Amino acid sequence: MLEAADRSTTTSMATLIIITGMSGAGKTLAVQSLEDLGFFCVDNLPPVLIPKFAELIEQSKGKIGKVALVIDLRGREFFTALSESLNFIKDHFTIHCEILFLDATDSVLVQRYKESRRRHPLAPEGMPLDGIRLERKMLDELKNSATQVIDTSNMKPAKLKEKIISRFTHLETNTLSINITSFGFKYGIPIDADLVFDVRFLPNPHYVENLRPNTGQNSDVYEYVMKWPETQAFLTKLLDMLHFLIPQYRKEGKSQVIIGIGCTGGKHRSVAIAEYLGKMLGASETESVSVSHRDSDRDRH
C-alpha cells in the first residue's frame, strides 16, 4: 500500500476518505477496492484520532497522499467525535475529505447476517433486525452529511468494487466523474442518485413481441426507443439542461454526479436513454463518464 501511495505527487492535495455505513453493507469490500487504487487504509480508527492522523499525512510531504479510514459502530463510544474531527481538519489542514456511506435495505442486511451466521454488533444476543434498526437511527445524521451514499442491496461484490473504483479514480485526474445508471421504478429509485429522470412516457418496446426479450442495448430496441419525436424532443431538452448543470457542479466542487434514468422495469427505455447519454456526454474530454444498468437482467429468466 505504501509503495502505491508513494506515487502520489507532492503538489496535489492529499485525500482522506471516511468509509462508514450500515454493518453488513460492504465496508470490507470498499476498503479492498480503495487499496487497489493505492489508498493507505486503516480499519476501525477512533474518530478522536483522525486529526492526529491528518497531521501525519501532511508531515509525509506527499508520501501518503491517499488515505481511507473505516469508522463504524465498533468504536461507537468515539463516534460523536467524527463531525468535530472533520471540521478540525477542514480548518487546520489542506486535505480533501469525503465520507463514503454504504447502505442496504433492512431485509437484505438481515439475510446477509443469516448467511454469514454473524451477530449484529448492536444486538449480540437478540435478533439482527433490532440491531439494524438501532444502528440506522444512530447513523441517520451521518448519512445525511455523507458526500457519497451507495446502496448495495442489489449489488454483487464485483459490481460494488466496480462502482467504488469508478467513483474514486477521478482523484488521479481533474475530471468530473459522471455515472449514468438505468433502473426500473418497480424496483425502487437508486438512493445515491443526484438527478432522476422518468422516461415512462415514451412508447414501450415491452409491448412489441419481438423486442420484449431484449434490452435497450440491443440495436433494434434502441432504434425503436429513439425513433419517436417525443424521444428526440426530450433528449434535446435533457442534454441542454445537463450541459448547463455539469459546469455548475464542477464549479461548486462536486467530484461526481450520478444520473438515474428510470422506466417501469429498467430493461428497455431507460437502458436505451442511458446508453445515448453515455455516448453524448462521454464525447467530452473534461468528464469521465460510465454507464451501468441496475435492473436490465432481472427478468431474463
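This is a predicted model, so every value here is computed, not measured.

Engineer: Explain the overall build of the protein chain here, please?
Structural biologist: The number of helices and strands found in the protein chain is 10 helices and 9 strands. Within the protein chain, residue pairs in contact and separated by at least 24 positions form 81% of the contacts whose partners lie at least 6 positions apart. Entry remark: accessible area of the protein chain is about 15700 Å², with carbon and sulfur atoms responsible for 52%.

Engineer: I keep staring at the pairing of strand S6 (residues 176-184) and nothing clicks. Help me out?
Structural biologist: Taken residue by residue, a regular strand's side chains alternate between the two faces of the sheet. When you tally the buried positions in S6, you get 9 out of 9 residues, the bulk of the element. What you see with S6 is no split at all: Leu176, Ile178, Ile180, Ser182 and Gly184 on one side and Ser177, Asn179, Thr181 and Phe183 on the other are buried throughout. Here 8 bridges tie S6 to strand S8 (residues 256-263), and the two strands are oriented parallel to one another. Residue pairing for S8: Asn179 is matched across the bridge by Ile258.

Engineer: Where do I start with the UniProt feature "binding site: ATP" (unreviewed entry) in the protein chain in this structure?
Structural biologist: Taken from the UniProt record, the annotation "binding site: ATP" (unreviewed entry) applies to Gly21, Met22, Ser23, Gly24, Ala25, Gly26, Lys27 and Thr28. Relative to the helices and strands, Gly21 is located in strand S1 (residues 14-21). Gly21 has contacts with Lys27, Phe101, Leu102, Glu135 and Leu139, leaving out every residue within four places of it along the chain. Tracing the backbone shows Ser23 in the loop between S1 and helix H2 (27-36). Residue classification places Ser23 among the buried residues on the basis of a relative accessible area of 9%. In this view, Ser23 contacts Leu109, Tyr113, His120, Pro121 and Glu135; residues no more than four positions away in its chain are not counted. A distance of 2.7 Å separates the side chain of Ser23 from the side chain of Glu135, its partner in a polar contact.

Engineer: Any chance you could explain the packing of aromatic side chains here in plain terms?
Structural biologist: Summed over the entire model, instances satisfying the criterion amount to 5 aromatic pairs. Looking at Arg200, its charged tip hangs above the ring of Phe185, at a distance of 3.8 Å from the centre. The lysine or arginine in question, Lys279, covers the ring of Tyr222, its NZ or CZ lying 4.7 Å from the ring centre.

Engineer: Honestly, helix H6 (residues 128-145) in this entry has me stumped. Any pointers?
Structural biologist: Residues separated by three or four positions in an α-helix point in the same direction, a consequence of the helix having 3.6 residues per turn. Under the 1.5 Å per step criterion, the end-to-end length of H6 is 26 Å for 18 residues, consistent within 8% with the ideal 26 Å. Bending of H6 peaks at approximately 50° at the position of Leu139. Turning to H6, its buried residues are Pro128, Gly131, Ile132, Glu135, Leu139 and Leu142. Turning to H6, the residues buried within the fold contact S1, helix H4 (81-92), strand S4 (95-103) and helix H5 (106-116).

Rules of the game
- Residues numbered from 1 in each chain as written.
- Predicted model: local features only at pLDDT ≥ 70, side-chain atom pairs only at ≥ 80, totals over all residues.
- Heavy atoms only, no water.
- Helix = DSSP H or I, 4+ residues; strand = E, 2+ residues; numbered from the N terminus.
- Contact = heavy atoms within 4.5 Å.
- Areas by Shrake-Rupley, 256 points an atom, 1.4 Å probe, with all protein chains shown as cover.
- Buried < 20%, exposed > 50% of the residue type's maximum accessible area, 1.4 Å probe, protein only.
- Pairing = 2+ DSSP bridges.
- UniProt positions renumbered as here; feature names shortened; annotations may be inferred.
- Polar contact = N/O pair within 3.5 Å; in protein donor to acceptor, adjacent residues only side chain to side chain.
- Phe/Tyr/Trp six-rings, centres within 6.5 Å; stacked < 30°, edge-to-face > 60°.
- Lys NZ or Arg CZ within 6 Å of the ring centre and 35° of its normal.
- Expected span 1.5 Å × (residues − 1).
- Bend = angle between axes of the 7 residues up to and from the residue.

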